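Each chain, written out:
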Amino acid sequence: MAYLWGGMIVIGILYGALTGNLQAVTEAVIASGKEAVTLCISMAGITAMWTGIMKIAETTGLTGQLSRGLRPVIKVLFPGLPKESKALPYISVNFLSNFLGLSWASTSSGLLAFRELDRINREQCRKYGENKKRGIHIASREMCTFLIINVSSLQLIPVSILAYRAQYGSAQPAAVVGPAILATSISTLTAVLFCIAMNRKKGEP
């Protein structure tokens, strides 16, 4: 990615210089930098708020209730995950946040879930002596499943997209709701079927 973005920047600068639009390139860089910083600050605030809400939900036992409600679904998607795993509530919150379109809110729970899945993977590798066989740096089935489902991300209301469209002056910000539901439903169904099929295979992931 570093080479990709670096190459795009260099190509843009060279093109601007060769076409006599270097001043426009400079102005675009300044404007984009300002907008990027503003967006990062906004995202940091929202992420911090939802991280706090998730911590409150965890303390009050709400995440445990959500985990129990989604247990049948998680059991099918993560057959190798221990029932008492700390990753379960984080996965539940992440799935629900994505479903409600709160992609910023799902970031913290997703990172916590993946960290816990990585810890379980390392422990299992050491327990069964698989360090030399496949290495602890290779993702487990559960880690791959979580990543695939998270990326496919079924969304009922794409809150983040609606906010972006409203911010940049869209006449009908909610016009994408229907197509978004259809597209994410298809992508999530495909991801679920793929993960179930792969989890039924024997052998190493």
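Each chain carries its own residue numbering, running from 1 in the direction its sequence is written. Owing to the predicted nature of the model, reporting of local features is limited to residues with pLDDT of at least 70; listing and counting of side-chain atom pairs is limited to 80 or more, with chain, interface and lining totals taken over all residues. To obtain the side-chain values, all non-hydrogen atoms of the structure were included, while hydrogens and water were left out.

An unreviewed UniProt entry lists the protein under the name Nucleoside recognition protein, with Candidatus Blautia faecigallinarum as the source organism.

Engineer: Looking at this structure, I do not really get the overall build of the protein. What am I missing?
Structural biologist: Helix and strand content of the protein: nine helices and zero strands. Contacts are assigned to residue pairs that have any heavy atoms within 4.5 Å of one another. Taking the contacts inside the protein whose residues are at least 6 apart along the sequence as the reference set, 66% of them involve residues at least 24 apart. Helix and strand definitions follow DSSP, with helices as H or I runs of at least four residues and strands as E runs of at least two, each counted in order from the N terminus.

Engineer: I keep staring at the side chain of E142 and nothing clicks. Help me out?
Structural biologist: With respect to the helices and strands, the residue E142 is situated in helix α7 (residues 141–152). Under the scheme applied here, a residue whose accessible area is under 20% of the maximum for its type counts as buried, over 50% as exposed, and between as partly exposed, the area being computed with a 1.4 Å probe on protein chains only. Only four residue types enter the tally: Lys and Arg on the positive side, Asp and Glu on the negative side, with His and both chain ends excluded. The term salt bridge refers to a side-chain nitrogen of Lys or Arg lying within 4 Å of a carboxyl oxygen of Asp or Glu. Buried and without a salt bridge, E142 has R141 as its closest oppositely charged side chain, separated by 6.6 Å. In protein, a polar contact means a hydrogen-donor-capable atom and an acceptor-capable atom, both N or O and within 3.5 Å, with residues adjacent in sequence counting only if both atoms are side-chain atoms; elsewhere, any N or O pair within 3.5 Å suffices. A polar contact of 3.4 Å, which involves the side chain of E142, links it to the backbone nitrogen of G80. In this view, E142 contacts F78, G80, L81 and L117; residues no more than four positions away in its chain are not counted.

Engineer: Just to check I follow, could you spell out the packing of aromatic side chains for this structure?
Structural biologist: Aromatic rings considered in pairs are described by the distance between their centres and by the relative angle of their planes. For Phe, Tyr and Trp, where Trp contributes only its six-membered ring, two rings pair if their centres lie within 6.5 Å, and the inter-plane angle classes them as stacked under 30 degrees, edge-to-face over 60, or tilted in between. Applying the stated criterion to the full structure yields three aromatic pairs. Consider the rings of F95 and F146, whose centres lie 6.2 Å apart with planes at 15°: the pair is stacked. Highlighted residues: F95 in helix α5 (residues 87–99) and F146 in helix α7, separated in sequence by 51 residues. Here F95 and F146 have matching classes, each one buried. An angle of 45° between the planes, with centres 6.5 Å apart, marks the rings of F114 and F146 as tilted.

Engineer: How do you make sense of α5 when you look at a structure like this?
Structural biologist: The α-helix winds at 3.6 residues per turn, so residues separated by three or four positions along the chain end up facing the same way. Over its 13 residues, α5 runs 18 Å from end to end, which matches the ideal 18 Å to within 8%, given 1.5 Å per residue. The buried fraction of α5 is high, at 10 of 13 residues. Listed in full, the buried residues belonging to α5 are A87, L88, Y90, I91, S92, V93, N94, F95, S97 and N98. A helix is expected to span 1.5 Å multiplied by its residue count minus one.

Engineer: I keep staring at the packing of α7 against helix α9 (residues 177–199) and nothing clicks. Help me out?
Structural biologist: Two measures define how a pair of helices packs: the angle their axes make with one another and the distance between the axes. Where α7 contacts α9, the axes come no closer than 8 Å and their chain directions differ by 170°. In terms of their interaxial angle, α7 and α9 are classed as roughly antiparallel. Contacts between α7 and α9 involve R141, T145, I148, I149 and S152 from the former and T184, S187, T188, A191, V192, F194, C195, M198 and N199 from the latter. For the contact of α7 with α9, the per-class residue count stands at seven nonpolar, six polar and one charged. Note on definitions: angles span 0 to 180 degrees between N-to-C directions of axes, and those axes are lines fitted to C-alpha atoms, for helices only across the stretch in contact. Geometric relationships in this document are graded by angle, where less than 35 degrees denotes roughly parallel, more than 145 denotes roughly antiparallel, 65 to 115 denotes roughly perpendicular, and other angles denote oblique. Any residue outside Ala, Val, Leu, Ile, Met, Phe, Trp, Tyr, Cys, Pro, Asp, Glu, Lys and Arg is labelled polar, Gly included; the first ten of those are nonpolar and the last four are charged.

Engineer: Where do I start with a positive patch on the surface in this structure?
Structural biologist: A cluster of basic residues, R68, R71, K75 and K83, forms a positive patch on the protein surface. Among the secondary structure elements, K75 is positioned in helix α4 (residues 71–77). Judged by relative accessible area, which is 59%, K75 ranks as exposed. Patch definition: residues above 30% relative accessible area lacking any salt bridge, with like charges linked at up to 9 Å and the nonpolar side chains Val, Leu, Ile, Met, Phe, Trp and Tyr linked at up to 5 Å. Residue exposure ignores everything except the shown protein chains as possible cover, and the areas themselves are Shrake-Rupley values with a 1.4 Å probe. A charged residue contributes its charge at one atom only: NZ of Lys, CZ of Arg, CG of Asp or CD of Glu.

Engineer: Would you mind going over the pattern of salt bridges with me for this structure?
Structural biologist: Two side chains carrying opposite charge are able to pair once their charged atoms lie near each other. By the definition in use, this model includes three salt bridges. Across the salt bridge formed by E116 and R119, the nearest N and O atoms sit 2.3 Å from each other. Taken together, the residues E116 and R119, both in helix α6 (residues 103–127) and three residues apart, mark about one turn of the helix. Between D118 and R122 there is a salt bridge whose closest N-O contact spans 3.0 Å. With D118 and R122 both in helix α6 and four residues apart, the pair spans about one turn of that helix. The structure contains a network of salt bridges with shared partners spanning E116, R119 and E123.

Engineer: For this particular structure, what's the right way to read the nonpolar core?
Structural biologist: A general feature of soluble globular proteins is that nonpolar side chains tend to end up buried together. In terms of nonpolar packing, the biggest core is built from 17 residues, with F78, L81, I91, F95, L117, F146 and I149 touching the most fellow members. For this core, the elements supplying multiple residues, two or more each, are α4, α5, α6, α7 and α9. Among the elements that take part in this core, α5 stands out by supplying five residues, more than any other. The contact partners of L81, leaving out residues within four places of it in the chain, are L88, I91, L117, I120 and E142. As used in this record, nonpolar core signifies buried Ala, Val, Leu, Ile, Met, Phe, Trp, Tyr and Cys residues forming a set joined through side-chain atoms within 4.5 Å.

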